[in-house]
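The residues making up each chain are set out below.
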Amino acid sequence: MYWLTTKNAVVLIPRWRSLSFLISPHLHRHFSPSAPSPLIRRSERLYCFKERKLYTKPIKKYKQSKISLEEKDYAHVIWWKERIQLCRKPSSVVLVQRLSFSNLLGVDATLRNGSLKEGTLNWEILQFKSKFPREVLLCRVGEFYEAIGVDACILVEYAGLNPFGGLRSDSIPRAGCPVVNLRQTLDDLTRNGFSVCIVEEVQGPAQARTRKSRFISGHAHPGSPYVFGLVGDDHDLDFPDPMPVVGISRSAKGYCMVTVFETMKTYSVEDNLTEEALVTKLRTCRCHHLLLHTSLRNNSSGTCRWGEFGEGGLLWGECSARQFEWFDGNAVNELLYKVKDLYGLEDDIAFRNVTVAPESRPSPLHLGTATQIGALPTEGIPCLLKVLLPSNCTGLPVMFVRDLLLNPPAYEIASTIQEACKRMSNITCSIPEFTCVPPAKLVKLLESRETNHIEFYKIKNVLDDILQLNSNSELDEILKLLMDPTWVSTGLKVEQETLVNECKSVSNRIGEIISLDGENDQKPSSYAVIPNEFFEDMESSWKGRVKRIHLEEEYAEVDEAAKALSIAIEEDFIPIISRIRATTAPLGGPKGEILYSREQEAVWFKGKRFTPSVWAGTAGEEQIKQLRPAFDSKGKKVGEEWFTTVKVDNALTRYHEAGSKARMKVLELLRGLSTELQAKINILVFASMLLVIAKALFGHVSEGRRRKWVFPTLTQSHDSGDKDILRGSEGMTITGLSPYWFDANQGGAVLNNVDMKSLFLLTGPNGGGKSSLLRSICAAALLGICGFMVPAQSATIPHFDSIMLHMKSYDSPADGKSSFQVEMSEIRSIITRATSKSLVLIDEICRGTETAKGTCIAGSIIETLDSIACLGIVSTHLHGIFDLPLRRKNTVFKSMGAEFIENRTMPTWKLTDGICKESLAFETAQREGVPEELIHRAEELYVSVYAKELKLNGFASPKVVNKSEKQICLNEVKNAVVRICLKRLSDYYKKINNDVFEPSEMRFVLIGAKEQPPPSTIGASSVYIILRPDRKLYVGETDDLQGRVRAHRLKEGMQNATFLYFLVPGKSMACQLETLLINQLPNEGFQLTNLADGKHRNFGTSEFVETEMSAR
């Protein structure tokens, strides 16, 4: 029997598994029998196993075909049959009917164009298909990429292409796309989960009656695009997030997840995972292939059918919606072996282990926790990610923050991240733009030697940003702090000195080869007799990409060829043009001009009626006699009006050959540079990831300051020797806690103080804020242990070993579980994982079952958590729990307050001491529009059965406003600004503080091109001056300098504008100084673009201007 693997990607298929999914021996390739699958029983009449061989019914063989299906290909054919069965488009269904699975292509050799004889194109395609049997194969044929058989059906179904030759029934399925549409076709196929193998033709002239040579140029996988030929392009390539191959197994510690990235040649192993944490990782990871280890079949319930009872149900539900395969043997070794086979890699290719030891690292978030605080986007739940970063911070920084929240770092890393953020909040210098290049893109382009000049320029920007961080004393401290978080993210341990030295070396090397901005020594050739568009099109494919010093010989050849072409055209065409212009004739006279034929890449003479009726030896006649019709590269005549000469054709050929030589030299230099940088890939990956982290943290600090968040005091948790003793200093204290989805600048949020040294048993009315409080505490604690700012006025947060939030539960029909079963499954996971260093938050416990037993279960859970001595909150409406004889030592009673106003009970949304047994159920129902009659009857029933006493605890809800001063500094148009503003600022400070204001106290900050203001400018009033490229100034004032700089740079020609700003005490002073500068800077000899703005102020004019106006 042969090892059967999947060459394709994730495609939704029915839940039943094919035979190919059940045949998966491990690395040593011996078959380990297991319990028979229902599928095998259903298919016994077709397939059976015996002595490592696979048998099937004989397939009808046609005499016309000498190609027979080999035994090892049966599994691949079955695999393709499953995908073909999913075709639904009418055109693809018709094509499917013409398939014959007697070969890997599914080509019926008896149909028209179906010959598979050796030497035919179909035979050649079959040879390529046999190398990658589970990939769609596209073969270059002239100006098209063609597919036949099964692959043609897939193209029609998923790429929206029409079959070649229509739907005629006597021809094999054929489909394809033009060369120019290849990228779109690959995107469509990979988006639907398919991998694609692309076969290219060897370009160049071919001998008559010979077939062009072809080769496999590359592959396109989901998350890994096709890059062949990119080195010669002049545009960037969007690179999707890489999709790993994921293997899941069961270990003594829990679940184990092995993740392999083929692009990066890395793998990581995460063990000791709970089922909920593992499902969370699967939800956030779009994997290319999912493989399940046979150890999963032996779950904790001891059942032979995985997922039938208890643990495993949630994971089974997640996996059963995907395509997966079983495997056994050593999980890591077998998975790496499968990856090499899937991607056609050589056995000696090494994969680097990037696993960072999880010592003292908190447990990954459970699925319920992640969804209920919006760390994973969930409908109806405020998204935590959206409030952590500015709206313009997208892509890789967002992914880093999300992954950090889902997998909180160890205390040392969290402390380092927080310290870096604190320094970012207080720096006084401008910061880089932080060029972010996906590490997977960088690695793939360099290893495939397809990095073009644009990507090299980006790589250089990455390295230069690192060097800029190192060159500034303030930023260098941040760079030092970011080294360890980058190590955790990449698995690469790099010293700062090594990083800086390597960045400097590689940046210089790229600068030696690549042509950078501002170099204007590579302009296209230009001659008066030849259209400029011709030279621009012909030379833009290689000029301006590498420095001219490396191409002096090629430049000389091109220049000489261009000059020779100009001379040839001037000698052969200009006399004819002059003759035509000298001819005066009525309408219908001779016409002619020298034009550029873009399609033919040639400059020819185009004219009509220019041949003289009588040859008289006049000027231009000799040149007319030399003209001959123009032909394209295939020898076909190009219209009736295009003409050339032998001399011009020879000159064109010479020019094209010189240009082609120059282009090949450029590609050689670029590919050579890629080869050089392959040895530096680890440094480049590290630098790229460091900038992603830096951009994410700077963005977070900017948004946190804008929202008036604070840095918490992060304490390291220690095991308590006596669980009977409250945690004391190890407790969590949060003052002025605000829901993370509220913006403090807009007000409206009720702030709460949380002093938690034990477990809280929380009660309160409906709509009283219990769920919001739990979400807010969970988010604040999670942000704190990740090193981020928190939505509060102050906070002390222990570094918890796990944070678990359980909110409402829904039933799971797919697993056959009621909502209460799902809740109990999650509670079981929480109880088994909780320690004295955990934070456990459970909202409205045991509400899915009958009250009496639910109350007792809830009481037992509270006792268990109390004995564990963890911090947390359990909220409930089961007031009977207070009548139970609970064994509690560390649990205290808390409630959400309410107050009686105008004969109505209203919630205060404030956390208070005590018990609240008022639910406000009737009031809540009334607010939601429940009919009055129904509510009235409910009240009657309540009065008839239950006691009427209500114990309310209400407190006022003081509004808390947290205002913070923000400062910053630097300088530019300084002397004039100081002279103009000094008196106004001196008068202000003398009036306020009776102090003398010195010119040196005006601190200016310069924001250069590709730089941005630091986060400390957000919320601070500032006056700024733009030094425009046209040497004019623009004066403005703002409280949001980052947004204003971004808005100005979006305008045409302002992308590289320089800004000078200084902070001032308040908006009013900023407006006064803005008007003052607009009115007086022109008197200092400066030109302003916004003089009119100075006329719309009722204050801020200079004394000189006021005196002058009075005199008038």
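Above this text is the structure in question.
What comes next is a walk through the structure. Each chain has its residues counted from 1, running along the sequence as written. Local features in this predicted model are restricted to residues whose pLDDT is 70 or higher, and side-chain atom pairs enter the listing and the counts only when it is 80 or higher, whereas totals over whole chains, interfaces and linings include all residues. For the side-chain quantities, the full set of heavy atoms in the structure was used; hydrogens and water were omitted.

## Examining the state of the cysteines
When two cysteine sulfur atoms are found within 2.5 Å, that pair is recorded as a disulfide. Scanning the entire structure with this criterion turns up zero disulfides. Free cysteine C87: the closest other cysteine sulfur is in C153, separated by 6.1 Å. Here's how the labels work: a residue is buried when its accessible area is under 20% of the maximum for its type, exposed when over 50%, partly exposed in between, all with a 1.4 Å probe on protein chains only. You can call C87 buried: its relative accessible area is 5%.

## Comments concerning the environment of I873
Where helices and strands are cited, they refer to DSSP runs of H or I of at least four residues and of E of at least two residues respectively, numbered from the N terminus. Structurally, I873 is set in strand β26 (residues 871–875). Considering only alpha carbons, one finds I873 and F893, 20 residues apart in sequence, at a separation of 9.8 Å. The contact rule is simple, with two residues in contact once any of their heavy atoms fall within 4.5 Å. Leave out the neighbours within four places in its chain, and I873 touches M756, L759, F760, L762, L773, L774, I777, V840, L841 and I842.

## Let's talk about the pattern of salt bridges
The term salt bridge refers to a pairing of a side-chain nitrogen on Lys or Arg with a carboxyl oxygen on Asp or Glu at a separation within 4 Å. What the rule picks out here adds up to 46 salt bridges. For R83, the salt bridge goes to E82, with nearest N and O atoms at 3.1 Å. Neither R83 nor E82 differs from the other in exposure class; each is buried. A salt bridge links K757 to D755, with the nearest nitrogen and oxygen atoms 2.8 Å apart. Residue D755 is classed as partly exposed on the basis of its relative accessible area, which comes to 43%. One network of salt bridges, in which partners are shared, links D236, K441, E455 and K458.

## Observations regarding the sheet that holds strand β12 (residues 325–327)
By way of backbone hydrogen bonds, the strands of a sheet pair with one another, either parallel or antiparallel. Note: two strands are recorded as paired if DSSP finds a minimum of 2 bridges between them. If you trace the six strands from one edge of the open sheet to the other, you get β12-β11-β8-β9-β10-β13, paired in mixed fashion. Pairing within the sheet leaves two strands with one partner each, and these edge strands are β12 and β13 (352–353). Two elements, strand β8 (residues 245–251) and strand β9 (residues 254–261), share seven bridges in a ladder whose sense is antiparallel. Bridge pairing links V245 to V260 in β9.

## Structural notes on the sheet that holds strand β20 (residues 732–737)
Strand order in the open sheet formed by four strands is β19-β23-β20-β21, and the pairing between neighbours is mixed. Edge positions in the open sheet fall to β19 (713–716) and β21 (752–756), since each of these has one partner strand only. Ignoring strand direction, the axes of neighbouring strands in this sheet form an average angle of 20°. Relative to strand β23 (residues 794–799), β19 is paired through four bridges, and the arrangement is parallel. If you follow T715 over to β23, its bridge partner there is P798. Contacting β19 and β23, helix α14 (residues 411–426) crosses the sheet at an angle of about 165° to β19. Sheet strands in contact with helix α25 (residues 770–785) are β19, β20, β21 and β23, and its direction is about 115° off that of β20. Interaxial angles span 0 to 180 degrees and are taken between N-to-C directions of axes, which are lines fitted to C-alpha atoms, for helices over the stretch in contact.

## Let's talk about the nonpolar core
Nonpolar core, defined: a set of buried Ala, Val, Leu, Ile, Met, Phe, Trp, Tyr and Cys residues in which side-chain atoms within 4.5 Å join the residues together. Within the largest apolar cluster, 180 residues are counted, with the highest numbers of intra-cluster contacts made by L405, L499, F534, L690, M732, I777 and L839. Element by element, the count of residues in this core is highest for helix α24 (residues 681–706), at 16 residues. Residue contacts for L690: discarding those within four places in its chain leaves I466, L469, L479, L482, M483, T486 and L499. By size, the runner-up hydrophobic cluster in this structure holds 46 residues, among which are L105, A175, C177 and Y226.

## Remarks on the packing of helix α16 (residues 453–471) against α24
Contact geometry of α16 with α24 gives a least axis separation of 10 Å together with a crossing angle of 65°. Here α16 lies roughly perpendicular to α24, going by the angle between them. The interaxial crossing formed by α16 with α24 has left-handed handedness. Of the residues in α24, those touching α16 at I459, V462, L463, D465, I466 and L469 are L684, A687, S688, L690 and L691. Residues belonging to the contact of α16 with α24 are distributed by class as follows: nine nonpolar, one polar and one charged. For classification purposes, an angle smaller than 35 degrees is called roughly parallel, one larger than 145 roughly antiparallel, one from 65 to 115 roughly perpendicular, and anything else oblique. Take the far helix as the reference: if the near one is turned anticlockwise from it by less than a right angle, the crossing is left-handed, and if turned clockwise, right-handed. Residues were grouped as follows: Ala, Val, Leu, Ile, Met, Phe, Trp, Tyr, Cys and Pro as nonpolar; Asp, Glu, Lys and Arg as charged; and all remaining residues, including Gly, as polar.

## Side note on α14
In this analysis, the expected span of each helix is defined as 1.5 Å times one less than the number of residues it contains. Taking 1.5 Å as the rise per residue, α14 with 16 residues should run 22 Å; its terminal C-alpha atoms sit 23 Å apart, in good agreement. Among all positions in α14, only Y411, I413, A414, T416, I417, Q418, A420, C421, M424 and S425 are buried. Here the buried face of α14 lies against α13 (396–406), α17 (473–490), α24, β19, α25 and β23.

## Looking at unusual backbone geometry
Backbone geometry follows two general trends: most residues other than glycine have a negative phi, and most peptide bonds adopt the trans configuration. Backbone geometry at N272 places phi at a positive 65°, although glycine is not the residue there. If you trace the backbone, N272 turns up in strand β10 (residues 266–273). A positive phi angle, close to 55°, is found at E601, a residue other than glycine. In this structure, E601 sits in the loop between β15 (591–597) and β16 (602–608). Owing to a relative accessible area of 40%, E601 belongs among the partly exposed residues under this scheme.

## Some points on the side chain of S525
Looking at the secondary structure, you find S525 in the loop between α18 (496–513) and α19 (532–539). For S525, a relative accessible area of 10% corresponds to the buried category. Once you skip the residues sitting within four places of it in the chain, S525 turns out to touch F535, E539, K543, D559 and A562.

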